[in-house]
Amino acid sequence: MPRARMVLVLAALTLALVVPAVVTLPYPRDVLIRIFLFAALAQAWNILAGYCGQISLGHAIFFGTGAYTSGLFVARDVGSPWLAMLVGAGIAVILSQLIGAPVFRLRGHYFAIATIAVGEIVHILAVNWEFIGAARGLYIPVKRPDSFVNFQFHQSKAVYYYIVLGLLVLGLGVTRLIERSRLGYYFRAVREEQDAAASLGVRVARTKRVAFAVSAALTAACGTFYAQYVLFIDPESVFPLSLSILICLIAVLGGVGTLWGPLVGAAVLIPLGEITRIYLGGTGKALDLVIYGALIMVISVVQPAGLVGVVRRLREAR
Amino acid sequence: MTLLHVEGLTKRFGGLVANREISFSVAPGELVGVIGPNGAGKSTLFDLITGFQRPDAGAVRLDGADITRERPDEISRRGVARTFQKLRPFAGMTVLENVMVGAFQKTADVRAARETAQRALDAVGLGDRAGAHARGLSTGQRKRLELARALATRPRLLLLDEVTGGVDQATIPGLVRLVRELHAGGLALVVIEHNMRVIMEISQRIVALQLGQVIADASPADIVRDRRVIDAYLGESWRT
Amino acid sequence: MGLVYALIAAGLSLIFGLMEIVNFAHGEFLMLAMFASFWAWALWRLDPLVSLPLSAAVLALLGWATYHGLVRFILDAPMLAQIFATFGLAVFLRSAAQALWGADFHVVKNPLVQGRLALGGVFVGVPQLVASAGALLAFGLLYWFITRTETGLALQATAQDRQAASLMGIDTQRMFALGWALGGACVGVAGGLLASFFYVFPEVGGPFALLAYVAVALGGFGNVPATLAGGVVVGLVEVLGGLLIDPSLKLIGVFALYLLVVLWRPQGLFGRF
């Protein structure tokens, strides 16, 4: 990384760390937390779809897995949510390999539709599964006093902020690591020309599976965070197709296949959603999606590399 | 000791027999040309050898080992590289990065891969275009890129599918020279070509295909006199 | 109902066969068709069946506009861009509908066709019957058009080999736009038929679209007549699933079917790809 960029990143990180001390109002902090959460989710998706080219439209599966694992752990007193995070991630990885084995044989549109199908199957199953509370959802019991072990903080939600920031940094770090390693090159080769990659010795199937596993694990970790933050989960909030879509939108808007794209995307979309919701009342919920939709169309036509791509183009033009 | 031995390869696509009982061998360091009219099954043959298609019958042996049912990446790691007729550069990556993907087969270290890639690019004459986006290359440059990419995997056998196809006349001698240099360096090659002059110039042996079958397997001098080859492909008016 | 799915799927298949783009906004097209029918009824007291030509025309126009306004630019774009372009359109249309008309359910009251018939011991809804008949009829029309008219043949030619077709003097741009218009019209008819007995709301397109994808995959992407079979199979599986397993799980059967088919025979039962 060029020196100037490194300084910028460190400065931003420092700023991010300091923010909760300055911004004590819960609402802006909540927005920031959601920005970071979605950025982390989009980043996880980006690893599979942006870098490796496998467009999964059912990623909510893993989010829900992480959320429910944690929820169950706490509700049934099995253990600490942190443990649940690891277990959830583990389950997500196993799930990803199970799904990936057959589904990765498909290409392009077929693959995308298949991921939708799988996502919906899981969604429907969850709605009907009594063990996890079915459609009623699961309430995470409140545990006082605040404790790190219990992953619950009620005095000050600021700690949540730091945790989700940590998740985001983790996601960014993993992406960066992959980007500069042989695996990253293989990811991109598989994305561009699967057959040519195979002819050069790339184990295509295995590369895809690795991408899927990493992506699933990170997504599940975010799910666990969400469960502990919101303390209530139900299939509608963690498994729906609309969530999978939102994750994609954020990544695409920001720039698929780029390191900062997901964060940029989240930083734009989440506040945008909030603004439209505040100023446009009831219909606002839909209007922000209208804008999203229009944005996505424009982006995919004009600059598939997203906002990051736009910035890059501007810089090159100078 | 043969390097590559292809025996009785047969491949059907529905009612069409693309390859029928094809057999021939390639010795280490040998350059074998493959000629034949369009639709003779040449590219299919490459696909069968490199694992992109499974033959309905027959076998492919490399150094005696049966590689008939192996995957393309496994075959590549055994030292067999190929280029494609329909060029497939990694469009979103730079020229250097393209070749690095090949280089990574032999090393996991990014710096080492970069060096190998740069050397391969220099060898094919694209050294100064290393930082360019693969998308913006001309056809001739793309052919060289594919070649460099394949070479970066340090193969023992290289299958070239139409090196001079779609390339302007001025670039051909350079490409031919390149192929000869590679051959001189000890690399075994099987080259599909339509340009007879080129094939005659570089091949030690030529295999002629028609309608999926081998109709001749001989030295260049004998091939051009072979009746069946003349009828099927060369035409009467062809002169050495 | 399978026949209605088939009709919707036919539009999808047509578009894909022409230019290898999956219209992820197809469900939203259907939704708009249903709304068109609904508003025709709400504003002018036109029964959905009567306003069928209208909804077909509106959707044809929408399809044509979508091609010229959006799809045209992404014909050669990377697949990611293609998927997201129509995806974005889907989100846009769905949210716009919600913003304009609210998320509530609307329903056409007292349509021309209502009530139930007893057919051999089974009660079948008249609207469903009419819908099926209508869908079959529309399908037949489409088939006739594609195979018997000159334009239709040109359409097929373009689908099979774009370059050869243009060499023969066929204006591929027009063919593509026509494909989209036809696809839209199919959905328009389907929407009109459904409006007689289905709730109309912005999210309605989703499930139908998914079922349509399955139907197309079953029949084979690009093979329009086969989508008839595909649609019927989907309809059957849906009903059977509802009967044999839990009704709320019936969609799983359909999706599982998709996965099975796509993995076992990627080109569908009759497909070309």
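Along the backbone of chain C there are 11 helices and 2 strands. Taken from the N to the C terminus, the helices and strands of chain C come in the order α-α-α-α-β-β-α-α-α-α-α-α-α. The proportion of buried residues among the 273 residues of chain C is 57%. By sequence separation, contacts in chain C at least 24 residues apart represent 76% of the contacts at least 6 residues apart. When the accessible surface of chain C is split by element, carbon and sulfur atoms take 67% of a total near 11,300 Å².

The secondary structure content of chain A amounts to 14 helices and 2 strands. A total of 318 residues make up chain A; the buried ones form 56% of that total. Sequence separation of 24 or more characterises 74% of the internal contacts of chain A that already satisfy a separation of 6 or more.

All names here are of chain B. Of note in the backbone geometry, Asp63 takes a positive phi value of approximately 55° without being a glycine. In this structure, Asp63 sits in the loop between strand 4 (57–62) and strand 5 (65–66). Given a relative accessible area of 33%, Asp63 falls into the partly exposed group. Of note in the backbone geometry, Glu162 takes a positive phi value of approximately 60° without being a glycine. Among the secondary structure elements, Glu162 is positioned in the loop between strand 7 (157–161) and helix 6 (172–184).

Let us now look at the confidence of the model for chain C. The share of residues in chain C with pLDDT of 70 or more is 68%, and the mean pLDDT across the chain is 72. Both confidence scores are given for the complex: pTM 0.82, ipTM 0.83.

Okay, the pattern of salt bridges next. Residues and elements named next belong to chain A. One pass over the structure, following the stated rule, counts 18 salt bridges over all chains. The closest approach of N and O atoms between Arg34 and Asp30, which form a salt bridge, is 3.5 Å. Remark: Asp30 and Arg34 occur in helix 2 (residues 26–51); sequence separation between them is 4 residues, near one turn of the helix. Note on Arg34: relative accessible area 24%, which makes it partly exposed.

In terms of nonpolar packing, the biggest core is built from 223 residues, with Trp45 and Phe225 of chain A, Val101, Leu121 and Leu158 of chain B together with Phe24 and Tyr258 of chain C touching the most fellow members. Ranked by residue count, the leading element in this core is helix 2 of chain A, at 16 residues. Contacts of Leu158 of chain B, omitting those with residues within four sequence positions, involve Ala81, Arg82, Leu147, Ala150, Leu151, Leu182, Leu187, Ala188, Leu189 and Val190 of chain B. Counting 26 residues, the second-largest nonpolar core is a separate cluster that includes Ile22, Ala40, Leu45 and Leu159 of chain B.

What follows concerns the environment of Asn23 of chain C. All names here are of chain C. Note on placement: Asn23 falls in the loop between helix 1 (2–19) and helix 2 (26–44). A relative accessible area of 0% means that Asn23 is categorised as buried. Expressed as a C-alpha distance, the spacing of Asn23 and Phe87, which sit 64 residues apart in the sequence, is 7.8 Å. Apart from residues no more than four positions distant in its own chain, Asn23 is found in contact with Leu12, Ile15, Phe29, Thr86, Trp180 and Tyr213.

What follows is about the packing of aromatic side chains. Here the structure, examined in full by the defined rule, presents 13 aromatic pairs over all chains. Centroid distance Phe104 of chain A to Phe212 of chain A: 5.2 Å. Interplanar angle 65°. Geometry classified as edge-to-face. Of the two residues, Phe104 of chain A sits in the loop between helix 4 (81–103) and helix 5 (108–128) while Phe212 of chain A sits in helix 9 (residues 204–230), which places them 108 residues apart along the sequence. Given a relative accessible area of 8%, Phe104 of chain A falls into the buried group. Judged by centre distance (6.1 Å) and plane angle (80°), the rings of Tyr186 of chain A and Phe104 of chain B are edge-to-face. Note that Tyr186 of chain A is positioned in helix 7 (residues 182–192) and Phe104 of chain B in the loop between helix 3 (95–103) and helix 4 (110–124), a pairing that runs across two chains. One aromatic cluster is present, built from ring pairs that chain together Phe62, Phe104, Phe111 and Phe212 of chain A.

Two pairing modes exist for strands in a sheet, parallel and antiparallel, and in both the strands are linked by backbone hydrogen bonds. Residue and element names in this part refer to chain B. Spatially, the 6 strands line up as an open sheet ordered 6-7-8-3-9-10, and their pairing is mixed. If you trace the sheet from one side to the other, it starts and ends with strand 6 (80–82) and strand 10 (213–218), each paired once. With strand direction ignored, the average angle separating the axes of adjacent strands in the sheet is 15°. Taken together, the 3 bridges between strand 6 and strand 7 define a ladder with parallel strand orientation. Paired with Arg82 across the strands is Leu159, a residue of strand 7. Strand contacts of helix 1 (residues 42–49): strand 3 (31–35), strand 6, strand 7, strand 8 (188–192) and strand 9 (205–210), with the helix running at about 150° to strand 7, the strand carrying the most contacts.

What follows covers the interface of chain C and chain A. In this complex, chain C contributes 39 residues to the contact, which on the side of chain A involves 36 residues. Between chain C and chain A, the buried area comes to about 3,500 Å², and carbon and sulfur atoms account for 86% of it. Along the contact surface separating chain C from chain A lie 0 salt bridges. Sorting the residues of the side of chain C that touches chain A by element identifies helix 4 (79–101), helix 9 (205–219) and helix 11 (250–264) of chain C as the ones contributing at least two each. Among the elements that take part in the side of chain C that touches chain A, helix 4 of chain C stands out by supplying 16 residues, more than any other. Residues of the side of chain C that touches chain A, tallied by class, amount to 33 nonpolar, 5 polar and 1 charged.

Here the focus is the interface of chain B and chain A. Taken together, the 27 residues of chain B in the interface contact 18 residues of chain A. Viewed at the interface, chain A and chain B are joined by 2 salt bridges. In this assembly, chain B and chain A are joined by 11 residue pairs in polar contact (both at pLDDT 80 or more). Counting only elements with at least two residues in the side of chain B that touches chain A, the list comes to helix 2 (72–77), helix 3, helix 4 and helix 5 (139–151) of chain B. Across the side of chain B that touches chain A, the residue classes break down as 13 nonpolar, 6 polar and 8 charged.

Once that is clear, we can look at the sheet that holds strand 4 of chain B. All names here are of chain B. Strand order in the open sheet formed by 4 strands is 2-1-4-5, with antiparallel pairing between adjacent strands. Here the strands that pair on one side only, and so sit at the sheet edges, are strand 2 (16–26) and strand 5. One ladder, built from 7 bridges, connects strand 1 (residues 4–13) with strand 2; its direction is antiparallel. Residue pairing across strands places Phe13 opposite Leu16, the latter belonging to strand 2. Packing of helix 1 onto the sheet brings it into contact with strand 1, strand 2 and strand 4, and relative to strand 1 it is tilted by some 115°.

Another point: the state of the cysteines. Scanning all chains against the criterion turns up 0 disulfides over all chains. The cysteine Cys248 of chain A is free of any disulfide, with Cys222 of chain A supplying the nearest cysteine sulfur at 14 Å.

This part takes up the pairing of strand 10 of chain B. Each regular strand shows side chains that alternate between the opposite faces of the sheet. Residue and element names in this part refer to chain B. Bridging between strand 9 and strand 10 involves 5 bridges; their strand directions are antiparallel. Paired with Val207 across the two strands is Asp217, which belongs to strand 10. Connecting strand 9 to the antiparallel partner strand 10 that follows it, the hairpin turn spans 2 residues, and Leu211 within it adopts a positive phi of roughly 50°.

Cut-offs applied
Residues numbered from 1 in each chain as written. Chains lettered and ligands numbered in written order. Predicted model: local features only at pLDDT ≥ 70, side-chain atom pairs only at ≥ 80, totals over all residues. Heavy atoms only, no water. Helix = DSSP H or I, 4+ residues; strand = E, 2+ residues; numbered from the N terminus. Buried < 20%, exposed > 50% of the residue type's maximum accessible area, 1.4 Å probe, protein only. Contact = heavy atoms within 4.5 Å. Areas by Shrake-Rupley, 256 points an atom, 1.4 Å probe, with all protein chains shown as cover. pLDDT = per-residue confidence, 0-100. Salt bridge = Lys/Arg side-chain N within 4 Å of Asp/Glu carboxyl O. Core = buried A, V, L, I, M, F, W, Y, C linked by side-chain atoms within 4.5 Å. Phe/Tyr/Trp six-rings, centres within 6.5 Å; stacked < 30°, edge-to-face > 60°. Pairing = 2+ DSSP bridges. Axes fitted to C-alpha atoms, helices over the stretch in contact; angles between N-to-C directions. Buried area = accessible area lost by both parts, 1.4 Å probe. Nonpolar A, V, L, I, M, F, W, Y, C, P; charged D, E, K, R; others polar. Polar contact = N/O pair within 3.5 Å; in protein donor to acceptor, adjacent residues only side chain to side chain. Disulfide = S-S within 2.5 Å.

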